[in-house]
Each structure stands twice: as structure tokens, then as C-alpha cells.
Amino acid sequence: MTVKRTFAVLIALCLVFAAAAPAGAATFGFRVRGGFEHIGYGDFNDWADNVNDTVFPEAGITEKIDNLTWIPAFQAELVRGIVPNVELAIGAGVMRGKSELNISYGGAAGFEYEHAVTAFPFTATVYVNPPLPVMKPFVYAGAGAYLTKLKFEQYLYGGTDNIDFEADLDTWGFGIHGGAGVSFDLVPMVSLEIGVQGRWCTMKGFEGTATDNTTGETEDVFLAKEGVELFGPETITEKGNYEEAEVGLSGFGVTIGLKMAF
């Protein structure tokens, strides 16, 4: 499904959301949820593993670049009952992870590296609340459009060829998600929710701008890879010489949240 079609689906669901709820359905609600998700982030993590296991040991470097695996994720949703025990939620969220490395050689020379990913999912989700007498479980599934931004910063100093640049890239992608959990009433109209969630979302096509912080010069770049030996921004003119790297946000996590009904 293309991002354009995803937005069309989200708009249609917003119209359903705005329509009057049938008799017996729940009223409006608001949900906030947060937790940590384990993501694959394959191309970057494959590159980092190669650097840590091969490149650094051969150069006598003992430091390591952190993989991007467990990252925090937050979501806020407006909820509307559409039929008894079934709700539609329209939401937005943020996921962010960062990996960094700082190597110093007596303060006179060194290398600093940072890579960060920030994703903003705009989602539509259907919740089903089975009417059980003992507990209040729920299951859900949905889809969304993901605005994902990448940042790279690299600073090499103390040598003949100092490097000081940063690059910002972004793209839109499509994802689906689903999960299950249990709800506990705290006070009337307010409940605590604990659950698990799975997500599928992979995307390519990242493009943006790299800036040389020494000269101020900029150039158009894309997210490139070359096996496990390269992951990062390369100039657009070199696009035929590299593969396009993939960013994978697919994974699973544990969530905790609050739901307030009106």
C-alpha cells in the first residue's frame, strides 16, 4: 500500500470517527500510551556489528558502536465507539533511538559519531473489547503513515583531513500494528491499560541534505549501503554505485497507558 493510499484510508476513517455513534456504543475517549519497543533496524545494526567485530579490532580500537534495539515509543489517541464493544482510534505518536560513539586520543585527536532516528506514526486503530465478567481484555489492529527522520553527525579531528559534517534525511513509509492487553479501572471513567504490541514497518527512499560545518557547503544525499561495510549518507550523484539502505522499525514491545472516557 502506498503512502498516498494510506492517507486516503486514514481520511475515510476520520470521517467514520466524526459520524454519530450508534445507540449503545461507547462515547468519546482519550488514550495515552508509552513503553519500549525492540526494533530490528537491520541495515544499521548489521553495519555496526561489522564495525565492532571486524573494523575496530583490526585497528586496535576497543570502543563499540551501540546497536539500535530497544527504543522508547509514545502514542496519543482519540477514541470513539462505533458499535458496542468496538472502538475506532485516531492517533499520533513518536519513536526515537540514538547511537553514538566518542573516541579520544589524549584530547588532541579523536572521532565522534552520532546517528539518530525519529519516527512519527499517524495511525488508525480498531479496538475490540470482549465482554468478559472477570477481567477487561482488549485486542487491536491498525495501520498508519510514518514520517521518519534520520540524523547523522560525524567529527574527526586532530589529523590532516579533519571532518565535521551533519546530515538530515527523511521519508514517509507505511506500517501496520496490533496487540492485546488488559484494562483495570482506577476511578470511574479512567482505566489503566497494560499490553503487548507488534509492529511491521520498513522503508527506503531517504533523501536530504548534508552540511560541511567547516565550509558551510551543502549537498543532496541519500541513505546508502554497501553490504555490511557502509551505512550512511552519500551524495545523490553516487546513487548508481550503492544500494539504498533500509530502515526497519518492525518489532515488539510492552506498553502501559491510561484511557479516559467522556
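Quick caveat: nothing in here was measured; it's all calculated off a predicted structure.

The rules behind the values
- Residues numbered from 1 in each chain as written.
- Predicted model: local features only at pLDDT ≥ 70, side-chain atom pairs only at ≥ 80, totals over all residues.
- Heavy atoms only, no water.
- Helix = DSSP H or I, 4+ residues; strand = E, 2+ residues; numbered from the N terminus.
- Buried < 20%, exposed > 50% of the residue type's maximum accessible area, 1.4 Å probe, protein only.
- Contact = heavy atoms within 4.5 Å.
- Areas by Shrake-Rupley, 256 points an atom, 1.4 Å probe, with all protein chains shown as cover.
- Patch = residues over 30% accessible without salt bridge, like charges linked within 9 Å, V, L, I, M, F, W, Y side chains within 5 Å.
- Salt bridge = Lys/Arg side-chain N within 4 Å of Asp/Glu carboxyl O.
- Polar contact = N/O pair within 3.5 Å; in protein donor to acceptor, adjacent residues only side chain to side chain.
- Pairing = 2+ DSSP bridges.
- Core = buried A, V, L, I, M, F, W, Y, C linked by side-chain atoms within 4.5 Å.
- 1 Å grid on protein atoms, 1.4 Å probe; cavity = no way out; pocket = protein on both sides within 12 Å on 5 of 7 lines; lining within 4 Å.
- Points joined across faces, edges and corners; volume = space filled by probe spheres on them.
- Nonpolar A, V, L, I, M, F, W, Y, C, P; charged D, E, K, R; others polar.
- Expected span 1.5 Å × (residues − 1).
- pLDDT = per-residue confidence, 0-100.

Caption draft 1: Here's a closer look at the overall build of the chain. If you tally the helices and strands in the chain, you get two helices and 13 strands. The buried share among the 262 residues of the chain stands at 41%. For the chain, contacts bridging at least 24 residues in sequence account for 67% of all contacts bridging at least 6. With the model as given, the accessible surface of the chain reaches about 13,300 Å², and the carbon-plus-sulfur share is 62%.

Caption draft 2: Quick look at a nonpolar patch on the surface. Taken together, the side chains of V32, L186, V187 and L258 define a hydrophobic patch exposed on the protein surface, amounting to about 300 Å² of accessible area. Topologically, V32 is positioned in strand 1 (residues 28-39). By relative accessible area, V32 is classed as partly exposed at 32%.

Caption draft 3: Here's a closer look at the side chain of S183. Here S183 is to be found in strand 6 (residues 163-187). Assessed through its relative accessible area of 10%, S183 is described here as buried. At a separation of 3.4 Å, a polar atom in the side chain of S183 contacts the side chain of S191. Setting aside anything within four residues of it in sequence, one finds S183 in contact with K136, F138, S191, L192 and E193.

Caption draft 4: Representation of the pairing of strand 5 (residues 136-157) in the model. In terms of strand pairing, strand 4 (residues 109-128) meets strand 5 through 19 bridges, oriented antiparallel. Bridge pairing links Y113 to Q154 in strand 5. Across 21 bridges, strand 5 lies against strand 6 in antiparallel orientation. Paired with L150 across the bridge in strand 6 is L169.

Caption draft 5: Summary view of the nonpolar core. Grouped together as the largest cluster of nonpolar side chains are 33 residues, with contacts concentrated most on Y41, F44, L223 and L249. Taken together, the elements giving at least two residues each to this core come down to helix 2 (42-59), strand 2 (70-83), strand 3 (86-105), strand 4, strand 5, strand 6, strand 7 (190-203) and strand 9 (218-225). Ranked by residue count, the leading element in this core is helix 2, at five residues. In this view, F44 contacts I65, D66, N67, L68, S99, Y113, H115 and F231; residues no more than four positions away in its chain are not counted. By size, the runner-up hydrophobic cluster in this structure holds five residues, among which are V79, A89, Y127 and Y140.

Caption draft 6: Focus on the pattern of salt bridges. For the structure shown, the criterion picks out 10 salt bridges. Residue E77 pairs with R31 through a salt bridge whose shortest N-O separation is 3.1 Å. Pair noted here: E77 is in strand 2 and R31 is in strand 1, with a separation of 46 residues, a long-range link. The shortest N-O distance in the salt bridge between K151 and D168 comes to 3.2 Å.

Caption draft 7: Structural view of empty space enclosed by the protein. What the rule picks out here adds up to two cavities of 30 Å³ or more. There is about 160 Å³ of room inside the largest cavity. Looking at the largest cavity, it is lined by 19 residues, and the ones nearest its centre are R33, E37, Q75, Q197 and R199. For the lining of the largest cavity, the secondary-structure elements that each account for two or more residues are strand 1, strand 2, strand 3, strand 4 and strand 7. Broken down by element, the lining of the largest cavity gets its largest block of residues, five residues, from strand 1. For the lining of the largest cavity, the class distribution of residues is seven nonpolar, eight polar and four charged. What the second largest cavity holds in volume is close to 40 Å³. Lining the second largest cavity are R33, F138, Y140, E193, I194, G195, T255, I256 and G257.

Caption draft 8: Main features of helix 2. Across its 18 residues, helix 2 extends 24 Å between first and last C-alpha, which sits within 8% of the 26 Å expected from 1.5 Å per residue. Those residues of helix 2 that fall on the buried side of the exposure criterion are D43, F44, N45, W47, A48, N50, V51, N52 and F56. Its buried side turned inward, helix 2 meets strand 3, strand 4, strand 9 and strand 10 (231-235). Directly after helix 2, the chain includes G60, whose backbone phi takes a positive value near 75°.

Caption draft 9: Just the confidence of the model for the chain, in detail. Mean pLDDT over the chain stands at 89; residues scoring 70 or higher make up 89%. Within the chain, the lowest mean pLDDT, 53, falls on helix 1 (residues 3-18), and the highest, 97, falls on strand 9. Note that pLDDT drops below 50 for residues 20-26; the model gives that stretch 13 contacts with residues more than four away or on any other chain.

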